[in-house]
Amino acid sequence: MRKVLFMLLVSILIIGITAAGCGNGESPGTATPTQTQTPLPSPTPVATLTPTATPDGSPGVEWENTFGGSGDERGMSVKQTSDGGYIIAGWTQSYGAGEYDCWLIKTDGAGEEQWSNTFGGPDNDVAWAVQQTSDGGYIVGGWTWSYGAGEGDFWLVKTDENGEEEWSNTFGGVASDEAHSVQQTSDGGYILAGVTRSYGSGGGDFWLVKTDENGEEEWNNTFGGFGGEIAFSVRQTSDGGYVLVGWMESDDEGMGDSLLVKADEMGDQEWSMAFSGAAFDVGRSVQQTSDGGYIFAGHTESYSAREYDYWLVKVDELGNGEWNKAFGGTDYEEAYFVQQTSDDGYIIAGKTKSFGEGGYDFWLVKTDEEGNKEWSKTLGDFREDVANSVQQTSDGGYIVVGWTESQGAGKKDCWVVKLK
């Protein structure tokens, strides 16, 4: 039964249409819901830009590799490491102790595996984000059904430089609590963000958890109203606070808005903004930009050509919309990750059904600093291939990770591609 529930949850999260759960109980620690401030109107939508599948100026494939066995594997997050290699986090069905296990893979600069490790118990345990830490090890964030207090708990795992676990900790209550993002903070601790259905005021709230360097909770806070809210990304800001992006339920029929929240260094809300049109719009990834504002990416139904389009939104330091752009064709596109690049432009990764070779393909879109498309590139074959994370590398190229049904050994394999 749990396997069925887990696969349903994964499918819902991947397509971005997430039904809010029902939770109860009192928030632990210092977590109290903040007041929802009246959001400013969403930025004026622009006309959808229609790219070609293989435009001029896009980088070529330097190398690619798949990782997996006979089961179902996903690559969710990738970062370049200090030795020029890469660290990948996701989950595996082929290896480990349980139904699905958290999976950490370290490669060299050419994408060849140096080591891998699984973490988990007899149930479902998944990683959504990874980062190399200041001591050369790694911090992994996700959620676990094998450990903790409820149906699913935030899960924080710290490893050494060889991927051996140093400690782990869970955070949550009796209902489902799922972490989607983690980052080491300037004080050596960690910040986690996701959704809680155990605490807060509604059917699901943004949940922000701050720990010390040993993974012990320092404080936590929820953000949300009586509907459903899900945070997908958090980043520490230059003032020591935090910015979060995700989705909020906007009506009883499941329509939703992108929600951007700025918190101070203690997790108390400073402001929040909702960005939306008349349909379903969700923010999946956020970053502070070099001018002190913020960029977030996700997907939009309100401003799409037909189904869902990539959506790139730029705001100032107070969350006021400066511009936004939609990218897509006549079918279905979803963006899962954005990063500002060294030229002050942006790189976006996700999936497309309008372009490419198969059902879904990896889709990278590069823009200038004003969000104007410079190039786009699809990667994939006749089946489904989905990119979840991208990072500009030290040589000016890009590393992309996701999952593929078009190649590899199993049902779905982790797929990493280096572009230059």
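Everything that follows concerns the structure shown earlier in this document.
Structure report, in brief. (Residues numbered from 1 in each chain as written. Predicted model: local features only at pLDDT ≥ 70, side-chain atom pairs only at ≥ 80, totals over all residues. Heavy atoms only, no water.)

**Some remarks on the pattern of salt bridges**
Piece 1. Within the structure shown, the criterion is met by 18 salt bridges.
Piece 2. One salt bridge connects D135 with K158, and the closest N-O pair in it is separated by 3.1 Å. You can see D135 sitting in the loop between β6 (125-132) and β7 (138-144) and its partner K158 sitting in strand β8 (residues 153-159), a full 23 residues away along the chain.
Piece 3. When its relative accessible area of 48% is taken as the criterion, D135 is described as partly exposed.
Piece 4. The exposure class assigned to K158 is buried, which follows from its relative accessible area of 2%.
Piece 5. Of the charged contacts in the structure, one is a salt bridge between K314 and D291, with a shortest N-O distance of 3.1 Å. Taken together, the positions of K314 in strand β20 (residues 309-315) and D291 in the loop between β18 (281-288) and β19 (294-300) put the pair 23 residues apart, joining distant regions of the chain.
Piece 6. Here K314 falls in the buried class, since its relative accessible area comes to 3%.
Piece 7. Residue D291 is classed as exposed on the basis of its relative accessible area, which comes to 51%. (Salt bridge = Lys/Arg side-chain N within 4 Å of Asp/Glu carboxyl O. Helix = DSSP H or I, 4+ residues; strand = E, 2+ residues; numbered from the N terminus. Buried < 20%, exposed > 50% of the residue type's maximum accessible area, 1.4 Å probe, protein only.)

**Details of the layout of surface pockets**
Piece 1. Here the second largest pocket defines a volume of roughly 350 Å³.
Piece 2. In this structure, the second largest pocket is lined by 21 residues; those nearest its centre are W128, A129, H180, F232 and F337.
Piece 3. Those elements that provide at least two residues to the lining of the second largest pocket are β2 (73-80), β6, β10 (177-184), β14 (229-236), β18, β22 (333-340) and β26 (385-392).
Piece 4. Tallied by class, the residues present in the lining of the second largest pocket amount to 9 nonpolar, 9 polar and 3 charged. (1 Å grid on protein atoms, 1.4 Å probe; cavity = no way out; pocket = protein on both sides within 12 Å on 5 of 7 lines; lining within 4 Å. Points joined across faces, edges and corners; volume = space filled by probe spheres on them. Nonpolar A, V, L, I, M, F, W, Y, C, P; charged D, E, K, R; others polar.)

**As for the sheet that holds strand β25 (residues 373-379)**
Piece 1. Here we have 4 strands laid out as an open sheet, ordered β22-β23-β24-β25, and antiparallel in their pairing. The open sheet has two edge strands with one neighbour each: β22 and β25. Taken pair by pair, the neighbouring strands of this sheet meet at an average axis angle of 20°, ignoring direction.
Piece 2. Pairing between β22 and strand β23 (residues 346-352): 7 bridges, direction antiparallel. Counterpart to A335 in the pairing with β23 is G350. (Pairing = 2+ DSSP bridges. Axes fitted to C-alpha atoms, helices over the stretch in contact; angles between N-to-C directions.)

**Section: the sheet that holds strand β1 (residues 61-67)**
Piece 1. Within the open sheet, the 4 strands sit side by side as β1-β28-β27-β26. Their pairing is antiparallel. The sheet is open, and its two edges are formed by β1 and β26, each paired on a single side. In this sheet, neighbouring strand axes are inclined to one another by 20° on average, regardless of whether the strands run parallel or antiparallel.
Piece 2. Pairing of β1 with strand β28 (residues 413-419) involves 6 bridges; the strand directions are antiparallel.

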